[in-house]
Amino acid sequence: MPRSKKFRRARLIVLVLVVLLVAAVGGGGYWAVSAVRASFPDVDGSVSVAGMSAPVDVKRDANGIPQLYADTPEDLFRAQGYVQAQDRFWEMDVRRHITSGRLSEMFGSGQVENDTFLRTMGWRQVAQQEYDTQLSADTKKYLKAYADGVNAWLGQHPGGQSASLEYTLLGTVNSGYKPEPWDPVDSVAWLKAMAWNLSGNMQEEIDRSLLSQDFTQDQIAQLYPDYPYDRNGTIVKTGKVGKDGNYVPADGSTAPAGTAAATAQGRAATESLFTDISGKMAGLPQLLGPQGQGIGSNSWVVSGDHTTTGKPMLANDPHLGPGLPSVWYQMGLHCRTVSAKCAYDTSGFTFAGMPGVVIGHNQKISWGFTNLGADVQDLYLEKITGPDSYLVDGQQVKFQTRKETIKVAGGADRTITVRTTNRGPLISDQSSEEQTVGKYAPAGNSAPDRAQGYGVALQWTALIPGKTMDAVFMLDRATNWTEFRAAAADFAVPAQNLIYADTAGNIGYQAPGMIPQRTKGDGTYPAPGWDSSYGWQKDFVPFNSLPYSFNPKSGYIVTANQAVVDPSYQYLLTKDWEYGTRAKQITDLIEGKLKNGGKISLDDMQSMQLDNTNVMAQTLVPLLLKVNITDPYVREAQDLLKSWNYRQDADSAAAAYYNGVWRQLLALAFGQKFPADLRAKGDCLLVRQKSSTLPDGAVGADTRPVTECGTRDAHFAQPDGGDRWTEVVRQQLANPKSPWWDYVDSNHVQQHGLNNLLAEALKDARQDLTAQMGKDIKTWNWGRLHSLTLKEQTLGTDDSSIASGLVHQLLNRGPYQLSGGSAAVNASGWNAAAGYDVDWIPSMRMVVDLSDFNASRWITVGGASGHAFHANYNDQTSLWAGGNLLPWAWSADAVEKATKHKLVLSAQ
C-alpha cells in the first residue's frame with residue numbers, strides 16, 4: 001500500500017527530530033540532552049511503588065545490572081517488573097504487540113502481514129489458555145505481582161511520556177497511541193516467541209520440498225546426510241527405556257534414591273487444542289534470530305574431580321540473532337532471608353517482560369540451556385476440495401474458520417479469514433513460500449490429484465497449552481537434582497538440553513519437552529494430510545523416558561546441539577540434528593586439558609568459549625594446497641594457507657581467504673544448482689531454460705539463456721555454509737567425480753571434477769576478496785569481512801517502521817570486527833549464500849564456579865539499558881567482542897562492594 005503524503009511528511013519530521021537530537025547531544029546542546037536524558041531511569045534515592053508490603057533495595061553496579069533484595073516473593077517480582085520497565089518498557093511494549101499480532105496498532109499498515117501471521121497463529125490465545133488452565137496458583141500470583149510492578153512504573157509515566165526516545169518518535173506518526181496496562185499473559189506469551197525461534201525442523205521440511213523441484217530424493221538425502229555418530233558422538237551414551245517406561249542411562253550415571261524417575265506430566269490430546277496460523281515465516285520480527293536457522297548454543301559442565309577448585313564448573317553461551325536492545329537482561333533476585341516462604345536467591349539472565357531468571361544459578365545449583373532440536377513441528381499437505389472443505393480418507397471435511405480484525409494506525413481495519421484443519425492451521429493461504437511447498441513437495445503415488453498444488457497445514461507443540469512458566473520459577477528455587485528434574489518435567493516448549501551442577505559436587509543433564517510420537521512417517525517431509533494414518537499419537541514421549549545423565553564416569557557433559565542419543569533409542573526425537581562439529585571440538589579441548597591428570601580452571605572454561613578453530617579447514621586446506629595454480633595472482637592468495645593454524649582470528653588474512661574459498665566452493669557445487677526459491681535475493685545466475693513451444697506450437701526441446709535471481713530472504717538462503725554443509729562436503733570429497741563437482745565457470749562453460757572446482761573456487765575467492773579489501777593481501781583480515789552491526793530491532797525495518805535508514809544508523813552500533821565462524825565453538829555465524837556479515841552470535845557468555853559463586857563471570861551483547869544513548873545501552877559489546885567477561889558478584893557483601901547506585905522501592 002503506498003505511503004500517504006501525511007505519512008511521508010511525518011517521516012521527514014522524525015528524521016529532522018532525531019538528527020537534531022543526536023547532533024545536539026554530541027555537541028552538548030541543553031535541550032537535546034534534557035530530552036534524551038528525561039527517559040533515563042532514576043537509580044538513586046527512593047520511590048513509592050503501589051502494592052509493596054515492605055521496601056525493596058535495587059542495587060546496580062557500574063554496568064547498570066540490578067540486584068534486588070526483598071522480604072517476600074510478591075515484593076521481589078513486583079520490583080522486578082518495576083525495574084525492567086525502567087530499563088526496557090519500550091522493548092517490552094513492542095514485544096507484547098508482536099506476540100499478540102498487534103504491531104499495526106503501533107506502526108501502521110507496514111506490519112499487517114506480520115500481524116496476520118501472528119494473530120492467526122494465536123500465540124496470545126494459547127498463552128491465555130496456559131494462564132487460565134495450566135499454571136499453578138503461585139505462578140499466577142508472581143506473574144500478577146510482576147505485572148503490578150510494571151504498571152506502577154507505567155502509572156508514573158502515563159502514555160509513555162518521558163518513557164523513552166522511541167515514544168517521542170512514535171508520537172510524530174501515531175500521536176494517539178497510549179500503552180495499555182501490562183497483563184500477566186503478556187509475560188507468558190513471550191515463551192511462544194522463544195519456542196518459534198528455537199523450534200524443530202520446519203525450515204528443513206520446507207527446503208527439502210522446494211529442492212524436489214529439481215532433485216531426486218536420493219540427491220536430497222546427500223544434502224542432508226546421516227549424523228556422524230562414530231566421529232562426533234552423542235550427548236549421552238544411549239541408554240534404554242525399561243519396561244516401566246523409565247530411561248536407564250548407559251554412561252555410568254548414578255542417581256540418588258528417589259531421583260531416577262521424576263513424575264511425568266499428563267498432557268491432553270493435540271487435536272482440540274490447536275489454534276490458527278497463517279503468513280510468512282520470514283516476515284516475523286527476528287528478535288531472537290531467524291527461525292530455526294543457526295540457532296544453536298554451547299554448554300558444558302565439568303565435575304570437581306577434574307577442576308582446579310575441586311567443585312564443578314559450568315559454561316553456557318546461547319547463539320541467537322544480534323540486535324539492540326540486548327536479547328538478555330541480567331539481574332539478581334534475592335530474598336533477604338531464604339526460607340520456605342521466600343525461597344528465591346538467584347542471579348542470571350532473563351528476558352525483559354518476563355519474571356524470574358531463565359539461565360543462571362541460585363545458592364545451591366547452576367543450570368544452562370542449549371537447543372535440543374527435537375522435531376516438534378510437522379507440515380501436512382492438504383487436498384483442498386473447495387473454499388470450505390478438504391479431503392481426509394476420501395471424505396470431505398469442513399475447515400474450522402474464524403475472522404480476525406487487525407486495527408491499523410492511520411488506516412482502515414483489516415479483516416482476515418483463517419482456515420484450520422484437524423491437525424492445525426492452513427499456513428499456505430497467505431504464504432507464497434508455503435504455496436510453492438504445496439506445489440512441489442513429494443506426495444507419493446497414492447496422492448489425490450495435485451491440480452494447482454496442495455495446501456499446507458502446520459502441527460506444532462507450542463500451540464498446546466503447557467507449564468513452561470511454572471518450570472522457570474521451579475528452576476529458580478530448585479536446590480538439588482530431584483527438584484531440578486521436577487522443574488524440567490514441566491519445561492514443555494521449547495525443548496532444550498538442560499545441564500546442571502550443584503555445590504554438593506554433582507553434575508547432570510536432562511532432555512525435557514513435549515516431543516510427539518508419530519503414527520507414521522519421520523517428519524523429514526510434509527506428510528499427506530488426506531491420510532489419517534499420518535499424524536501424532538495422543539501422548540507425547542513420556543518425560544521419564546527422556547534421556548538424562550547424572551555424574552557420568554567421564555566427569556563432564558557437553559551439549560552443543562549434537563545428537564542426544566543414537567538411533568538405538570526407543571523414540572524418534574528428530575532426524576535433523578546439528579552435526580556435532582562444535583561438540584566434538586569442545587570435547588577434544590576438555591580431554592586435552594585432562595590428559596595426564598590435568599585440571600581445568602575457570603580461565604580454561606572461558607578460553608574454550610573463544611576457540612576459533614575451523615575444523616573443516618583441517619580436511620579441506622591440504623586439498624586446496626595440492627591444486628596446481630599457475631596464475632601468480634591467485635597463487636599468492638593460495639600461499640596464505642600454507643602456514644595457517646586453522647584459527648579464525650579477526651586479524652587473520654588466511655582465515656579471510658579460506659572462508660572466501662569455502663563460500664565460492666559452496667556456490668559452485670551447490671548454489672548454482674539450487675532453485676531460485678532457496679537462493680538469496682540478488683543472487684542471479686545465467687541459466688539455460690527450455691523454451692515452451694516451437695513456432696508451430698509443438699512442444700520443443702530448444703533452450704535459451706535467461707537470468708534467474710534468487711527470491712529468498714538472505715537469513716534463510718542456502719547453502720548457508722553451516723555445520724550441515726561441512727558434513728555434506730566432507731562426504732562428497734570421497735568421490736572426486738561426484739556430479740556435485742560439476743559447475744559452470746566464469747566464462748559460462750560447463751566444467752567437471754573436484755580438482756577443477758577447487759581451482760575455480762581459489763580463483764573466484766581471490767577476485768571476491770580483492771574487490772572487497774583490495775589487491776594487497778597484506779591488508780586482508782577476516783574481521784574486515786566478518787563484521788557485526790548491532791541493529792536496533794524494535795522500530796522494525798526501514799520499509800515497515802516509523803524510522804528510516806538514517807534513524808537506524810543513529811541507533812545502531814558497530815561494526816565490530818569479529819573472530820570465529822559458523823561451525824566454530826566461538827560461533828559468530830554467517831550465511832555463505834548471502835555474504836560474510838555476522839547474523840547470529842553467542843548472545844551471552846557465562847562461566848560459573850560452584851566452589852565460589854563470586855568467582856563466576858558473565859557478559860551480554862549490548863547492555864542492561866534499552867535507552868538509546870544511555871551509558872549502559874551498549875557498554876558490554878566491546879568487552880564481549882574481545883572475549884572478556886565481567887565479574888559476577890553474588891554474595892550480599894560482593895554485591896554491596898560493586899554497587900554504584902541504590903534505589904529503594906518503598907511501600908506507599
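What you see is a predicted model; the values in this text were computed from it and never measured. (Residues numbered from 1 in each chain as written. Predicted model: local features only at pLDDT ≥ 70, side-chain atom pairs only at ≥ 80, totals over all residues. Heavy atoms only, no water.)

With respect to helix H22 (residues 754-773)
Applied cut-off: We count a stretch as a helix when DSSP gives it H or I for four or more residues in a row; a strand needs E for two or more, and each element gets its number in order from the N terminus. Any helix carries an expected span of 1.5 Å times its number of residues minus one.
Counted at 1.5 Å a residue, the expected span for H22 with its 20 residues is 28 Å, and the 28 Å between its end C-alpha atoms agrees. Just past H22, the residue Gly774 takes up positive phi, approximately 100°.

Remarks on the state of the cysteines
Formally: Note on disulfides: each one is a pair of cysteine sulfur atoms within 2.5 Å. Exposure categories follow from relative accessible area, calculated using a 1.4 Å probe and restricted to protein chains: below 20% of the type maximum is buried, above 50% is exposed, and the middle band is partly exposed.
Overall, the coordinates contain 2 disulfides when judged by the stated rule. Disulfide pairing places Cys335 opposite Cys342 at an S-S distance of 2.0 Å. With the S-S bond torsion at -80°, the cross-link from Cys335 to Cys342 turns out left-handed. No difference in accessibility class separates Cys335 from Cys342, as the two residues are buried. Here Cys684 pairs with Cys709 through a disulfide, and the sulfurs are 1.9 Å apart. Residues Cys684 and Cys709 are joined by a disulfide whose S-S torsion is about 105°; by sign, that bridge is right-handed. Placement of the pair is Cys684 in strand S26 (residues 684-690) and Cys709 in strand S27 (residues 703-709), with a sequence separation of 25 residues. Shown here for the protein is a disulfide pattern of 1-2, 3-4, where each number marks a bonded cysteine counted in sequence order.

Digging into the sheet that holds strand S22 (residues 527-528)
To keep things clear, this is the line we draw: Paired strands are those between which DSSP finds at least two bridges.
Spatial ordering of the open sheet is given by S18-S12-S22, a layout of 3 strands whose pairing is mixed. If you trace the sheet from one side to the other, it starts and ends with strand S18 (455-460) and S22, each paired once. As judged from the 2 bridges shared by strand S12 (residues 377-382) and S22, these two strands associate in the parallel manner. Paired with Tyr380 across the bridge in S22 is Ala527.

Focus: the side chain of Asn872
The test is simple: Definition of a polar contact: a pair of N or O atoms within 3.5 Å, with one able to donate and the other able to accept a hydrogen when the atoms are protein atoms, and with sequence-neighbouring residues admitted only if both atoms are side-chain atoms. Two residues qualify as a contact provided that any one of their heavy atoms is within 4.5 Å of a heavy atom in the partner residue.
With respect to the helices, strands and loops of the structure, Asn872 is situated in the loop between strand S35 (857-860) and helix H25 (877-881). Separated by 3.1 Å, the side chains of Asn872 and Asp875 make a polar contact. When sequence neighbours within four positions are dropped, the list of residues in contact with Asn872 reads Ala62, Asn63, Gly64, Gly863, Ala864 and Ser865.

Quick notes on the packing of aromatic side chains
Here is the rule we go by: Under the pairing criterion, centres of Phe, Tyr and Trp rings, with the six-membered ring standing for Trp, must be within 6.5 Å; the plane angle then separates stacked pairs below 30 degrees from edge-to-face pairs above 60, leaving the rest tilted.
The final tally for this structure, using the stated rule, is 43 aromatic pairs. Between Tyr142 and Tyr344, the ring centres sit 5.8 Å apart and the planes meet at 90°, which makes this aromatic pair edge-to-face. You can see Tyr142 sitting in helix H7 (residues 137-156) and its partner Tyr344 sitting in the loop between strand S8 (329-335) and strand S9 (345-350), a full 202 residues away along the chain. For the residue pair Tyr142 and Tyr344, the accessibility class agrees, reading buried in each case. On the numbers, 5.8 Å between centres and 65° between planes, the contact of Tyr247 with Tyr548 is edge-to-face.

Concerning the nonpolar core
Formally: The term nonpolar core refers to a set of buried residues drawn from Ala, Val, Leu, Ile, Met, Phe, Trp, Tyr and Cys, joined through side-chain atoms within 4.5 Å.
Within the largest apolar cluster, 231 residues are counted, with the highest numbers of intra-cluster contacts made by Trp460, Ile590, Tyr657, Tyr658, Phe670 and Leu905. Of the residues forming this core, the biggest block, 12 residues, is contributed by helix H20 (residues 653-669). Those residues in contact with Tyr657, other than ones at most four positions away along the chain, are Val634, Ala637, Gln638, Leu640, Leu641, Leu762, Ala765, Arg766, Leu769 and Trp780. Listed in part, the 13 residues of the second largest apolar core include Val392, Phe399, Tyr534 and Phe540.

So, unusual backbone geometry
Omega for the peptide link from Gln718 to Pro719 comes to 0°, which places this bond in the cis form. With respect to the helices and strands, Pro719 occurs in the loop between S27 and helix H21 (723-732). In this structure, Asn561 is a non-glycine residue whose phi angle is positive, near 70°. Summarising the element assignment, Asn561 is placed in the loop between strand S25 (556-559) and helix H16 (581-594). Asn561 sits in the buried class, given a relative accessible area of 3%.

Brief notes about the sheet that holds strand S1 (residues 45-49)
Strand pairing within a sheet occurs via backbone hydrogen bonds; the two strands may be parallel or antiparallel. To keep it simple, the criterion reads: All axes here are fitted lines through C-alpha atoms, helices being fitted over the stretch that makes contact, and every angle between N-to-C directions spans 0 to 180 degrees.
Taking strand neighbours across the sheet as the criterion, the 11 strands line up as S1-S37-S2-S3-S8-S9-S10-S11-S19-S20-S24 in an open arrangement whose pairing is mixed. Either end of the sheet is taken by a strand with one partner, and the two such strands are S1 and strand S24 (548-550). Across the sheet, the mean angle from the axis of one strand to that of its neighbour is 15°, orientation sign disregarded. The strands touched by helix H14 (residues 468-477) are S9, strand S10 (359-362) and strand S11 (365-371); relative to S11, the strand with the most contacts, the crossing angle is about 145°.

Points about the pairing of strand S3 (residues 66-70)
Across the 5 residues of S3, 5 count as buried, placing the element largely inside the fold. Here S3 shows a buried face lined by Pro66, Leu68 and Ala70 and a second buried face lined by Gln67 and Tyr69. Strand direction decides the pairing type here: strand S2 (residues 56-60) and S3, joined by 4 bridges, are antiparallel. Bridge assignment links Arg60 to a residue of S3, and that residue is Pro66. Counting the residues between successive antiparallel strands, the hairpin from S2 to S3 contains 5 residues, one of them, Gly64, with a positive phi of roughly 75°. Bridge count between S3 and S8: 4 bridges; the pairing is parallel. When the sheet's bridge partners are listed, Leu68 is paired in S8 with Leu333.

With respect to the pattern of salt bridges
Spelled out, the test is: Salt bridges are identified by distance alone: a Lys or Arg side-chain nitrogen within 4 Å of an Asp or Glu carboxyl oxygen.
Evaluation of the coordinates by the stated rule reveals 36 salt bridges. Two residues, Lys593 and Asp604, come together in a salt bridge whose shortest N-O distance is 3.2 Å. Residue Lys593 is found in helix H16, and its partner Asp604 is found in helix H17 (residues 602-609); the two are separated by 11 residues along the sequence. Of the residues examined, Lys593 reaches a relative accessible area of 37% and is grouped as partly exposed. According to the relative accessible area criterion, Asp604 is buried, its value standing at 12%. Through salt bridges with shared partners, one network takes in Asp93, Arg96, Arg124, Asp183 and Asp186.

Considerations on H7
Helix length check: H7 (20 residues) gives 29 Å between terminal C-alpha atoms against 28 Å at 1.5 Å per residue, within 8%. All of the buried residues in H7 are Thr139, Tyr142, Leu143, Ala145, Tyr146, Ala147, Gly149, Val150, Ala152, Trp153 and Leu154. Among the structural elements, S1, helix H3 (73-99), helix H6 (123-133), helix H9 (184-197) and H14 are those in contact with the buried residues of H7.

Describing the environment of Met514
Along the chain, Met514 falls in the loop between strand S20 (507-510) and strand S21 (518-520). Considered as a pair, Met514 and Pro494 are 20 residues apart in the sequence and their alpha carbons are 8.3 Å apart.

Read these as layout, nothing more, since geometry by itself doesn't imply function.
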